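What the coordinates show
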Amino acid sequence: MKITVLLSRGIHPVSGRACPATLDAQAISLALGLGVVEGLHAGAAEAAIADYLGHGLPALTHLVLPETADPLPALTGHLRAARQDLILAGRQSQGGEETGLLPYRLAQALDLPMVADAVGLAIEGDVLTVDQALPRGARRRLRLKLPCLVTVHPAAPPPLPFALGQRRRGRLARLEAEGMPVVPLEEVPYRPRPKLMVAAQAAERRLMLHPSPAEAATAILDHLRGLGLRR
Amino acid sequence: MTGKRRDPRAERDARRVAGGERPRFALTPAATGLRRDPRAERDRVTVAGERRRLVRDGAGGAAPAPVAAPVVRVVVEEPAFLVLAVPEAVRGALSAHDRQLLGAARLLAEAGGAVAVFAGVDGPAAGAAGADRLIADDLTGYDPEARAARLAALAAQLSPRHILLPETASGGDLARRLAALTGETLFAGAERVTADLVTRPARARRVEQRCRPPRLITLAADRVPAYGGPPREARPLAATLPAGGTGRFLSVEEIAPDPAAVPLGEAGFVVAAGNGVRDFATFRALAAALGATPGASRAVCDAGAMPRAAQVGASGTVLRADCYLAFGISGAPQHLAGIAATEQVIAVNTDLHAAMIERAGLAIVADAQAVMPALLAALKREKP
């Protein structure tokens, strides 16, 4: 089972420096038990990328591109040649356009099925079981045929801790690649704008003064039933 | 409400007597308006009924019969262009984010356009939220690829000027699938939408990208107000969409969340304990029986009776729950800040004048310690 984890350069939330992205490190820890794992990064040469090796990744390929190039053609070419069974990715890059579109365009280019927001993975033969995170803590279990591309949700298991020895033992291969130039949109410094206030008030109010406990319990259950929280 | 501000100069000018060399001012009661008419004043604040009532806020007098304003639906017959909004509409109900999406679509359609909604919602609800046209979405089950293919087919038929989706888990997924399928650019997570300009944050929120509204936009939550105007037509629109799924998935299984393990910020139904609760074993059993996520006030977490992760409020977790059941919580302002977005609040507290009782939709003035076992027993009777 050959697995590739797509790695992006993360931005540290406090210092703003380049660092491994948490979600990509979580993708590594999801992939590690399943087969032969390899990391793949396409972008400018940065020391922070090699730090992924410290999070348990045995080998990493770095396709070196100019700073603002679109990595899609380089990734597509590399992955089409590698014929991997499973490709894992984070949700979106950090520090760039941050549209989260790359995994979808990559799946389209490679003609692979794509599943978003995985929190757990299991492989049996050529069938992949994905636990997908839904809002409100719900999950959806999907089974599909490999190969496929899966993105990881922040509720996935936490990344393995960084170990310097592992980072030094890991193999890093650098390949020159061609990127496609991107035409950026007009950009101005970010100005935070207030969000809309979401203040909810109950439509009708009911007050019960010193009911017996049984009456209070019935009233609460009836109210919950009215809200659709109980059958 | 404050009264009308007096203008003494205008009052004096009204009393000026014309003619004469020197300015003269009339000081008769009729001219000065100083004489009061107490009967007329009383009539103005009297409400007729079985007993006469005096109402001081100006709503008195002969009460006019309430006239139901005729509901006038706004109709756009020949729209210059269409704006297609694709709300999530989980179980056929429009969420707050979905309404904001339709509000943004309305802004983009301002210059003679119409808002077309593609969702499985009923007409009146969509019309009230601002839909001029409604295309029924009857695809059931989870098949995002088939959904994206249907949306692409619909976009090819209607050729809308803009397509709007909410930037949520499923809405964002659908928008990106559509962008990948059709090769369009996606303006993801728009924070400001006007007819001429959309903006979105980028580069770790250091810059703001801006452009004229492109075709495919996803809208971030709580950025654009929902449509607040009169209801619109929501005329059904026929469209031929590709039927059937792609069959990519061998099986799809929905797993209900374990309420005790759901993070508090994500939970839909929270039961919380405050200082009025002493028996925490019963409280936990009750939370499990109700299928709710347990929470607590700061005082309880400080005392160590509940973990810090369960704390609700400004210094704990701010909830996005639909329903909140508070046992023995008086409702400090910091605690109420944590449940500001929660629509349904039920409070059980011994103090009639507690802020939580004031905030609750169902307020029960009773001892929480006595109500909890009764509620647990009632639940056991219901489902033995």
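Residues numbered from 1 in each chain as written. Chains lettered and ligands numbered in written order. Predicted model: local features only at pLDDT ≥ 70, side-chain atom pairs only at ≥ 80, totals over all residues. Heavy atoms only, no water.

**Observations regarding the side chain of Arg15 of chain B**
Here Arg15 of chain B lies in the loop between helix H1 (8-14) and strand S1 (16-17). For the buried residue Arg15 of chain B, which engages in no salt bridge, the nearest side chain bearing the opposite charge is Glu11 of chain B, 6.3 Å off. (Helix = DSSP H or I, 4+ residues; strand = E, 2+ residues; numbered from the N terminus. Buried < 20%, exposed > 50% of the residue type's maximum accessible area, 1.4 Å probe, protein only. Lys, Arg positive; Asp, Glu negative; His and termini not counted. Salt bridge = Lys/Arg side-chain N within 4 Å of Asp/Glu carboxyl O.)

**As for the domain arrangement of chain A**
By the assigned domains, chain A splits into domain 1 (2-184) and domain 2 (192-231). For domain 1 of chain A versus domain 2 of chain A, the distance between C-alpha centres works out to 44 Å. (Domains from an automatic or database assignment.)

**Structural notes on the pattern of salt bridges**
Residues and elements named next belong to chain B. Under the definition given, this model contains 31 salt bridges over all chains. Between Arg232 and Asp132 there is a salt bridge, and its shortest N-O distance comes to 2.7 Å. Taken together, the residues span a long stretch of sequence, with Arg232 in the loop between strand S13 (216-219) and strand S14 (235-236) and Asp132 in the loop between helix H5 (123-128) and strand S7 (133-136) at a distance of 100 residues. Judged by its relative accessible area of 1%, Asp132 is buried.

**Focus on the interface of chain B and chain A**
Every contact between the two is made by 80 residues of chain B and, on the other side, 70 residues of chain A. Here chain B meets chain A over a buried area of about 6700 Å², counting both sides, of which 56% is carbon and sulfur. For Asp322 of chain B, the salt bridge goes to Arg136 of chain A, with nearest N and O atoms at 3.2 Å. Our count for the chain B to chain A interface comes out at 39 residue pairs in polar contact (both at pLDDT 80 or more). The class makeup of the residues in the side of chain B that touches chain A is 47 nonpolar, eight polar and 25 charged. Alignment of strand S15 (residues 206-209) of chain A against strand S20 (residues 362-365) of chain B, held across four bridges, turns out to be parallel. In the strand pairing of S20 of chain B, Arg206 of chain A is matched with Leu362 of chain B. (Contact = heavy atoms within 4.5 Å. Buried area = accessible area lost by both parts, 1.4 Å probe. Polar contact = N/O pair within 3.5 Å; in protein donor to acceptor, adjacent residues only side chain to side chain. Nonpolar A, V, L, I, M, F, W, Y, C, P; charged D, E, K, R; others polar. Pairing = 2+ DSSP bridges.)

**Considering unusual backbone geometry**
Trans peptide bonds make up most of the peptide bonds, and negative phi angles are found at most residues other than glycine. Here Leu146 of chain A and Pro147 of chain A are connected by a cis peptide whose omega angle stands at 0°. Residue position: Pro147 of chain A is located in the loop between strand S10 (139-145) and strand S11 (148-152). The residue Arg205 of chain B is not glycine, and still its phi comes out positive at about 60°. With respect to the element layout, Arg205 of chain B can be found in the loop between strand S11 (198-202) and strand S12 (207-211). Given a relative accessible area of 44%, Arg205 of chain B falls into the partly exposed group. With a phi angle near 60°, Asp222 of chain B is a residue other than glycine that sits in the positive phi range.

**Comments concerning the sheet that holds strand S5 (residues 82-85) of chain B**
Within a sheet, each strand pairs with its neighbour through backbone hydrogen bonds, oriented either parallel or antiparallel. Residues and elements named next belong to chain B. Spatial strand order, S9-S13-S8-S5-S6-S7-S14: seven strands in an open sheet with parallel pairing. Since the sheet does not close on itself, it has two edges, and those belong to strand S9 (187-190) and S14, each with one partner. In this sheet, S13 lies alongside S9 in parallel orientation, the contact comprising two bridges. Across the sheet, Ala190 pairs through a bridge with Leu219, a residue of S13. Relative to the sheet, helix H7 (residues 169-182) contacts strand S8 (162-166), S9 and S13, its axis offset from that of S8 by approximately 145°. (Axes fitted to C-alpha atoms, helices over the stretch in contact; angles between N-to-C directions.)

**Regarding the domain arrangement of chain B**
Domain boundaries in chain B define domain 1 (82-236) and domain 2 (264-382). Once you take the C-alpha centre of each, domain 1 of chain B and domain 2 of chain B turn out to be 37 Å apart.

**Here's the deal with the environment of Val115 of chain B**
Residue and element names in this part refer to chain B. By the secondary structure assignment, Val115 is in strand S6 (residues 114-119). Sequence-wise, Val115 and Leu325 are 210 residues apart; in three dimensions their C-alpha atoms are separated by 39 Å. Aside from chain neighbours lying at most four places away, what touches Val115 is Val83, Ala105, Arg106, Ala109, Gly130, Ala131, Asp132 and Arg133.

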